Amino acid sequence: MPAIDPTEYEIAELGPKITDVDDADELHEMLELEEAGEDRAPVKTLIEDRIEKVEAEDDGELDPETVDLTEMTVADIANMVRGVDDADVLRDVLEREREGKERKSAIAQIENRIDSVEGSEEQAGEDVEYVPPEEKYPELDHPTNDKRWVEGTVGAEYRDMWVYCETQAGELVDVSKEMLGKARDLMDQYNADYDAEERVVAVLVGADASDHVEDATAYGADLVVYMEDDRLERFRHTPYTEIVTDMSRAGGELASEGHADVDWKDYHEPRYTIFPATNNGRDLSALVQGALDSGLASDCSGLYIEEAMISNPAKVGNAGDNKEFERVLHMKRPDFSGFEYSTILCIDKPNRDFHPQGASVIPGSFEIPDPDYDREAAVVEYEMDLEEEWFEVEVTEFDRLSGGVDLTGNDVVVAVGRGIGDDPTTGIELALDLVDAFEDADLGLSRGVITSSYAFDSHVEQYVTEARQIGESGQVVEPDIYIAAGISGAIQHKVGCDEADTIIAVNTDPEADIRDFSDYVIEGDLFEVLPRLTEAVEKGELAAAVEASDD
Amino acid sequence: MTDHEHYEAVVVGCGPGGAAAAANLARNGVETLVLERGVDAGSKNVSGGLIYAEESAPYTIDGLFPEFREEATERPVTENYIHNVAGDTVKTFDIGDLHHHDTAWADSVLRRRMDSWLADRVHELTHETGGGLLTEVHVTGLLREKGEIVGVTCEELDPIAADIVVAADGVNSELARDAGLMDWEDPDEWFQGVKAVAEMDPDTIDERFDIDDDEGEAHLFSGDLFDGVRGGGFLYTNEASLSIGTVFHLDSIAEERAEPQELLDGLLTHPLMAQWLGEDYHELEYSAKLVPDSKKAALTAPHEDRLVVVGDAAGQMQAQGPIIKGMNHAVTAGALAAEAFADARSRGDPHRAGEFYEQKLHDEGVMDKLRPTSYSVVGKLGEIGPIDGVANAVAESAVGRFGVRAAEGLVERAYNSPMLVSMIPDTKLPYVTLPTVIGEELGEVVTDENHVQPPELDDRIGDLTYDVGDPHIELVDNSFEASGTAVTACPVSATDFGGGCYRDEMVQTNGHEEHLVSLDTQPCVECGTCAVVADTEWEHPAGGKGVEFEQG
């Protein structure tokens, strides 16, 4: 009687079970049971297949000490040696192959196996002896050879939490404030926990860096270090990296010329660094952390400081030891769209420091704190020579992606919809005429116009952009007067203008939905009505005109 | 091998096909990642609303997911009728026998509720074997290495490699198209369904249909309700709502320039419906989807390399006259695909899963239901012009009519014969002419007055408001000749309606006038109709973006 009676199982359950059965006789018995029982064709196929496989394996059992290698393919040899753990047997096989067909790839396979068998013996249970990568792999033109600071420091002093504060368009971006607030909380707790006096250091780089010192202070910095230079107006990663790296090293073992003694910093490098995970921040964070010979946890959404018990021999020095590391920045980052979180730790090795412990932070992860403009901070204007060659990348042109047209502040918005379809260019012209007649007005458009295939003449084409769209997927406006010409008033449009004080609709169809939320409806063709409204506005008689024509 | 994230199995889409595949994979100990593009499983999914468990099927949804019927369905179908309509006259047949043939049970369902319940189970099951379900991930295509399919690419994540990729990504499957297995070329391979879910409290349903709260009804409608467009309608009772919809051959919708929402309104406002809909009609949701015609579209070899395709994505939707079954076949196919992978893996050759899957579809009789041989012999012959014409003429001639009247009992029997029904050709005869004649000759006049006022299209769209993100459909040729059909055929567009997806426009350029079509994907319900009838580059929106059905 076999261990598994196939008739008691569904095929789906049987599939995985049957792979554990290696005895062909037992499988034959199972096959008989199935034939006598339900006799399911797929089950039989499954068992037969397994029998074939098991029997093939039985036949194929090779003795590496006696087998004739010349009869075997390289793949057969590779498969065979994978199951051999005795290095002497492998050497014997190697010898025979060399005397026989002497196939290079076969020899490589056997040698690899010898390496892995012997390697594992040597390492087991012993101390991990540190060999620098350059010595361990002398044959490699090791890329780390070129990197000046690799293995630069061991056991140096690190202090403070540094926050790289990004600015955009003359403003400290929100994520910079969020990071400063978070850093403030973390370091207050840190100083209490470890009875320390470490600081939050804000780093500002740019053409107008000094303008943001006050904000950086108000949002939580104890020390603001800034570098200001006209050439730094646009972000370019070479000079920015050089500057932030230089600042980080000031006063430490690797300080650049002229920065060996500074009165605001007396340690090697920052203990922690935090960057924004913005386009520029991601770029800069990777380069600075690389230059400082550390790692980076990118795109983090959570940070906390805690001790950590580590058993990784590469970190603790001895296999099997556990060691507690203090003051470790735990950097949480979402994987798989937040399906899972990883917590990244950046920990020193016995022979190499991994500091600063660095993270980039996803904007919006933390609250923006309330600014406190009574706070005080030390301020340092950093000075260094900026080399010409750092600016080889020239910014010739840039475009600021912003809201574009802001319709929200206008007293009056004149919006047109697909009612202009008969002559779209004239429709826009007439709407612009009406806009001009008011003191503070602008042009809005319905989504229907923006997504249409209307051909506009070039002089009005510039006005037909998504930036002028009113409605759910565009702007929401609350002007004193909203004029909706040739707009039927779908719910998505209503959302964008419903809060206007007075809504005046112009439509050929007096029953169009827009009627439901308009104060005045003028029944008529916008091509006729708009010029008359323009005229009325110019004469100061809009109210009279509208009231007269409201049906 | 490039270093991609790897799972043993990746299942794309968590409808019934994907859920069945994932559950059966997990049950076999396979590490399974399920990717769903909706904010929630079911938020992208629409069906007419009946799910069957067939006695002959190797897998059923309640077999794979115990408590399915208690937790995820609306009402069991206990009564079945077909109504042949000719103007105000209607002849009703009881087609319970056809319905009960091979049916263990059939329940009405709403997909948001059903699929999101399934998704929770799927996540529990797959999590145990090292995977899980991820929502808001849009799988955009197949990952290939040296020309071989080895995984999937996503809009939100890095590519993921797998030993098996189960494409359960629905009727507009981007994976089946990437693999070259499916296209959107022929309108006659598709049906288009539109549906309204109308709110109704359970007591009112019980009273109007004269049923208990653990009973339900399924009604089908055919005849001249629909301006000669080939297709029919349905009404199913849910727990606290009715699903009312129409399903038409897409080629017929396209040819007749029919407006799908008007065809639905034609059904909603027919006097026959008054007894059920009453005075106060409140539509909860308007929805639409394409339905593959398995007779023509079902893939006979739904696999390629490591890819297997299940459910609507593989055209596995059986719509033969009054038999409309899709979800049960998706469930069976999904579970068989999983079984095929488990078999292949236990034989040490996981990449042969596709071949085994195809074999199982045949062995288990699924393929014969989807592509009945009786249809290919008789049905297609009936679609050739002249023969259909003669048959039409016979049915309308005095002799033909006499035949119908004399054969009343025969007609009811014919409707109840699965064999005869599977032979129905896709012409006007069975869908329009014959039911109309039956209605005229045998029917009784319905005198009820229908007070239903269906919502206007813009209100229907307004209730479906959502964030579509970047436009996901590109109109390649915006001339009216190439893409104008979309203006009418798209269920959220209409002639002279500016708020829909497709609008036709007369545009003056350089002195001459062009008839063009413009597209705004904002109101898109992702049905795929325009991919077939217009010249587009069609993709799904990004994960979590686009239409979100609350009922489905």
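Just so you know, these numbers come straight off a predicted model, no measurement behind them.

*Asks:* Just checking my understanding: could you explain the packing of helix H12 (residues 327–346) of chain B against helix H13 (residues 353–363) of chain B for this structure?
*Replies:* In helix packing, the relevant descriptors are the interaxial angle and the interaxial distance, both defined with respect to the helix axes. All names here are of chain B. The contact between H12 and H13 brings their axes to 8 Å, and the two run at 130°. Here H12 lies oblique to H13, going by the angle between them. Crossing geometry of H12 relative to H13 is assigned as right-handed. Contacts between H12 and H13 involve Ala-333, Leu-336, Ala-337, Glu-339, Ala-340, Phe-341, Asp-343 and Ala-344 from the former and Ala-353, Phe-356, Tyr-357, Lys-360 and Leu-361 from the latter. Across the contact of H12 with H13, the residue classes break down as 10 nonpolar, no polar and 3 charged.

*Asks:* What exactly am I supposed to notice about the domain arrangement of chain A here?
*Replies:* Accessible area lost upon the coming together of the parts serves often as the stated size of an interface. Per the domain assignment, the segments of chain A are domain 1 (6–59), domain 2 (69–123), domain 3 (158–391) and domain 4 (412–549). Put simply, the middle of domain 2 of chain A and the middle of domain 4 of chain A, counted by C-alpha atoms, are 82 Å apart.

*Asks:* Even after reading the chapter, I still don't get the pairing of strand E9 (residues 148–154) of chain B, so can you show me in this structure?
*Replies:* Every other side chain in a regular strand lies on the same face of the sheet, so the side chains alternate between the two faces. Residue and element names in this part refer to chain B. For E9, the buried fraction is high: 5 of the 7 residues fall into the buried class. Sheet topology places strand E8 (residues 139–145) next to E9; 6 bridges connect them, and they run antiparallel. The residue bridging Leu-142 from the neighbouring strand is Val-152, located in E9. Where E8 folds back on E9, the antiparallel hairpin that results is connected by 2 residues, among which Lys-146 adopts a positive phi of roughly 50°.

*Asks:* Is there a simple way to think about the packing of helix H1 (residues 16–27) of chain B against H12 of chain B in this case?
*Replies:* Residue and element names in this part refer to chain B. At a closest axis distance of 7 Å, the pairing of H1 and H12 adopts a crossing angle of 30°. For the element pair H1 / H12, the angle class is roughly parallel. Every pair of crossing elements has a handedness; the one defined by H1 and H12 is right-handed. Facing H1, whose interface residues are Pro-16, Gly-17, Ala-20, Ala-21, Asn-24 and Leu-25, H12 presents Met-327, Ala-330, Val-331, Gly-334, Ala-335, Ala-338, Glu-339 and Phe-341. In the contact of H1 with H12, the residues fall into 10 nonpolar, 3 polar and 1 charged.

*Asks:* Where do I start with the interface of chain A and chain B in this structure?
*Replies:* Opposite the 27 residues of chain A that make contact, chain B presents 41 residues. For the pair chain A and chain B, the two sides together bury roughly 2,700 Å², of which 54% comes from carbon and sulfur. Counting every contact that joins chain A to chain B gives 3 salt bridges. Ionic pairing is found between Arg-418 of chain A and Glu-505 of chain B, a salt bridge with its closest N-O pair at 2.7 Å. The tally of links between chain A and chain B comes to 6 residue pairs in polar contact (both at pLDDT 80 or more). Residue assignment for the side of chain A that touches chain B shows that the elements contributing at least two residues are helix H1 (11–18), helix H3 (41–59), helix H14 (447–450) and helix H16 (491–497) of chain A. The element that contributes the greatest number of residues to the side of chain A that touches chain B is H1 of chain A, accounting for 5 residues. In terms of residue class, the side of chain A that touches chain B is made up of 9 nonpolar, 11 polar and 7 charged.

*Asks:* When you look at H1 of chain B in this model, what are you seeing that I'm missing?
*Replies:* Because an α-helix packs 3.6 residues into every turn, residues spaced three or four apart end up facing the same way. Residue and element names in this part refer to chain B. In this model H1 runs 16 Å from its N-terminal to its C-terminal C-alpha over 12 residues, within 8% of the 16 Å that 1.5 Å per residue would give. In terms of burial, H1 is largely enclosed, as 11 of its 12 residues are buried. Listing the buried residues of H1 in full gives Pro-16, Gly-17, Gly-18, Ala-19, Ala-20, Ala-21, Ala-22, Ala-23, Asn-24, Leu-25 and Ala-26. Immediately beyond the C-terminal end of H1, within one or two residues, lies Gly-29, with a positive phi of roughly 75°.

*Asks:* Looking at this model, I keep getting lost on the sheet that holds strand E10 (residues 340–344) of chain A. Mind explaining?
*Replies:* Consider a sheet: its strands pair through backbone hydrogen bonds, and that pairing is either parallel or antiparallel. Residues and elements named next belong to chain A. With respect to topology, 3 strands assemble into an open sheet ordered E8-E9-E10, the strand pairing being antiparallel. With partners counted over all chains shown, the strands left at the sheet margins are strand E8 (302–310) and E10, one partner each. Within the sheet, the average angular offset between the axes of one strand and its neighbour, ignoring direction, is 40°. Sheet analysis places strand E9 (residues 323–335) next to E10, joined by 5 bridges and oriented antiparallel. Bridging from a neighbouring strand, Lys-332 pairs with Thr-343 of E10. Each of E8 and E9 touches helix H8 (residues 174–194); the most contacted strand, E8, lies at about 35° to it.

*Asks:* Please clarify how the domain arrangement of chain B should be interpreted in this entry.
*Replies:* Residues and elements named next belong to chain B. When cut into domains, chain B gives domain 1 (5–70 + 110–182 + 299–370), domain 2 (75–108 + 183–294 + 382–454) and domain 3 (463–538). Computed over C-alpha atoms only, the centres of domain 1 and domain 2 are separated by 30 Å. On the domain 2 side, the residues contacting the 35 residues of domain 1 number 40 residues. The interface formed by domain 1 and domain 2 contains 4 salt bridges. Where domain 1 packs against domain 2, one counts 13 residue pairs in polar contact (both at pLDDT 80 or more).

*Asks:* Got a minute to help me understand the pairing of strand E4 (residues 200–206) of chain A in this structure?
*Replies:* All names here are of chain A. Here E4 lies mainly inside the structure; 7 of its 7 residues are buried. Of the two faces of E4, the one carrying Val-200, Ala-202, Leu-204 and Gly-206 and the one carrying Val-201, Val-203 and Val-205 are both buried. With 4 bridges connecting them, strand E1 (residues 158–164) and E4 associate as parallel partners. Across the sheet, residue Val-163 finds its bridge partner in E4, namely Ala-202. Of the strand pairs in this sheet, E4 and strand E5 (residues 223–228) are connected by 6 bridges, and their pairing is parallel. Its bridge partner lying in E5, Val-201 is registered against Leu-223.

*Asks:* What exactly am I supposed to notice about the environment of Asp-504 of chain B here?
*Replies:* Counting through the fold element by element, Asp-504 of chain B comes out in strand E22 (residues 502–509). Placed 430 residues apart in sequence, Asp-504 of chain B and Glu-74 of chain B show a C-alpha to C-alpha distance of 41 Å. In this structure Asp-504 of chain B touches Arg-418 of chain A together with Phe-480, Val-487, His-515, Leu-516 and Val-517 of chain B, once residues within four positions along its chain are discounted. Separated by 3.0 Å, the side chains of Asp-504 of chain B and His-515 of chain B make a polar contact.

*Asks:* How should the state of the cysteines be read in this particular structure?
*Replies:* What we call a disulfide is simply a covalent bond connecting the sulfur atoms of a pair of cysteines. Scanning the entire structure with this criterion turns up 0 disulfides over all chains. Sulfur of Cys-165 of chain A: no disulfide; nearest cysteine sulfur belongs to Cys-300 of chain A and is 17 Å away. With no disulfide of its own, Cys-530 of chain B lies 6.3 Å from the sulfur of Cys-524 of chain B, the closest cysteine sulfur.

*Asks:* Can you walk me through the pattern of salt bridges in this structure?
*Replies:* Side-chain pairing between opposite charges can occur once the charged atoms of the two side chains come close. Under the defined criterion, the tally for this structure stands at 49 salt bridges over all chains. Put simply, Arg-113 of chain A and Asp-85 of chain A hold a salt bridge, and the shortest N to O gap is 2.5 Å. Placement of the pair is Arg-113 of chain A in helix H6 (residues 104–123) and Asp-85 of chain A in the loop between helix H4 (74–82) and helix H5 (87–99), with a sequence separation of 28 residues. Its relative accessible area of 18% is what places Arg-113 of chain A among the buried residues. For Asp-85 of chain A, a relative accessible area of 55% puts it in the exposed group. Measuring nitrogen to oxygen at the nearest pair gives 2.8 Å for the salt bridge that ties Glu-54 of chain B to Lys-325 of chain B. In this pair, Glu-54 of chain B is assigned in strand E3 (residues 50–54) and Lys-325 of chain B in strand E19 (residues 323–325), connecting sequence segments 271 residues apart. Here Glu-54 of chain B matches Lys-325 of chain B in class, with each residue buried. Members of the salt-bridge network, linked through shared partners, are Arg-184, Asp-188, Asp-222 and Arg-375 of chain A.

*Asks:* I tried to follow the side chain of Ser-346 of chain B on my own but got confused; where do I start?
*Replies:* Note on placement: Ser-346 of chain B falls in helix H12. One polar contact links the side chain of Ser-346 of chain B to the main-chain carbonyl oxygen of Asp-343 of chain B, over a distance of 2.9 Å. In this view, Ser-346 of chain B contacts Gly-15, Thr-19 and Leu-46 of chain A; residues no more than four positions away in its chain are not counted.

*Asks:* Would you take a moment to explain the sheet that holds strand E12 (residues 378–381) of chain A for this structure?
*Replies:* Residues and elements named next belong to chain A. Spatially, the 7 strands line up as an open sheet ordered E7-E11-E6-E1-E4-E5-E12, and their pairing is parallel. Lying at the two open borders of the sheet, with one neighbouring strand each, are strand E7 (296–300) and E12. Here the average twist between neighbouring strands, direction ignored, is 20°. Across the sheet, H8 lies against E1, E4, strand E6 (269–276) and strand E11 (357–361), angled at about 160° from E1, the strand it touches most. In the packing of helix H10 (residues 237–249) onto the sheet, the strands contacted are E1, E4, E5 and E6, and the crossing angle to E4 comes to about 150°.

*Asks:* Where do I start with the packing of aromatic side chains in this structure?
*Replies:* Between two aromatic rings, the relevant description is the distance of the centres plus the angle of the planes. With the rule as written, the count across this model stands at 13 aromatic pairs over all chains. On the basis of an interplanar angle of 20° and a centroid distance of 4.9 Å, the ring pair of Phe-234 of chain B and Tyr-236 of chain B is categorised as stacked. A cation over an aromatic ring shows up here: Lys-332 of chain A above the ring of Tyr-341 of chain A, its NZ or CZ 4.9 Å from the ring centre. Arg-177 of chain B extends its terminal NZ or CZ atom over the ring of Trp-184 of chain B, reaching a point 3.9 Å from the ring centre.

*Asks:* What is the right way to look at the confidence of the model for chain A in this model?
*Replies:* Regions with low pLDDT should not have their predicted coordinates read in detail. Residues and elements named next belong to chain A. The predicted model of chain A has a mean per-residue pLDDT of 86, with 92% of residues at 70 or higher. Taking the mean pLDDT of every element in chain A, the minimum, 69, falls on helix H7 (residues 133–136) and the maximum, 97, on E4. Per-residue pLDDT stays below 50 along residues 120–125; that stretch engages in 0 contacts with residues further than four places along the chain or on separate chains.

Conventions and cut-offs
Each chain has its residues counted from 1, running along the sequence as written. Whichever chain is written first becomes A and whichever ligand is written first becomes 1, with later ones labelled in order. Only residues with pLDDT of 70 or above have their local features reported here, since the model is predicted, and side-chain atom pairs are shown and tallied only from 80 upward, although totals for entire chains, interfaces and linings are computed over all residues. Side-chain numbers here rest on the full set of heavy atoms in the structure, without hydrogens or water. To obtain an axis, a line is fitted to C-alpha atoms, over the contacting stretch when the element is a helix, and the angle between two such axes runs from 0 to 180 degrees between their N-to-C directions. Note on conventions: DSSP H or I runs of at least 4 residues are helices, E runs of at least 2 residues are strands, and numbering of each starts at the N terminus. Roughly parallel means an angle under 35 degrees; roughly antiparallel, over 145; roughly perpendicular, 65 to 115; everything else is oblique. Rotating anticlockwise by less than a right angle from the far helix to the near helix defines a left-handed crossing, while the corresponding clockwise rotation defines a right-handed one. Any two residues whose heavy atoms approach within 4.5 Å are treated as being in contact. All residues other than Ala, Val, Leu, Ile, Met, Phe, Trp, Tyr, Cys, Pro, Asp, Glu, Lys and Arg, Gly among them, are scored as polar; the first ten of these are nonpolar and the last four charged. Segment limits for the domains were obtained from an automatic or database-derived domain assignment. The cut-offs for exposure are 20% and 50% of the maximum accessible area for each residue type, with area from a 1.4 Å probe on protein chains only; residues under the lower value are buried, those over the upper are exposed, and the others partly exposed. When DSSP locates at least two bridges between a pair of strands, those strands are taken to pair. By buried area we mean the combined loss of accessible area, with a 1.4 Å probe, across both parts when two parts are placed together. A pair is scored as a salt bridge if a Lys or Arg side-chain nitrogen falls within 4 Å of a carboxyl oxygen belonging to Asp or Glu. Here a polar contact is recorded for every N or O atom pair within 3.5 Å, except that within protein the pair must consist of a potential hydrogen donor and a potential acceptor, and residues adjacent in sequence are included only if both atoms are side-chain atoms. Expected span of a helix: the number of residues minus one, times 1.5 Å. The term disulfide is used for any two cysteine sulfur atoms that are within 2.5 Å. Centre distance within 6.5 Å is the pairing criterion for rings of Phe, Tyr and Trp, where only the six-membered ring of Trp is used; planes under 30 degrees apart are then read as stacked, over 60 as edge-to-face, and the remainder as tilted. Here, over-ring charges are defined by two tests on the NZ atom of lysine or the CZ atom of arginine: distance to the ring centre within 6 Å, and angle to the ring normal within 35 degrees. Confidence per residue, as judged by the predictor, is encoded in pLDDT with a range of 0 to 100.

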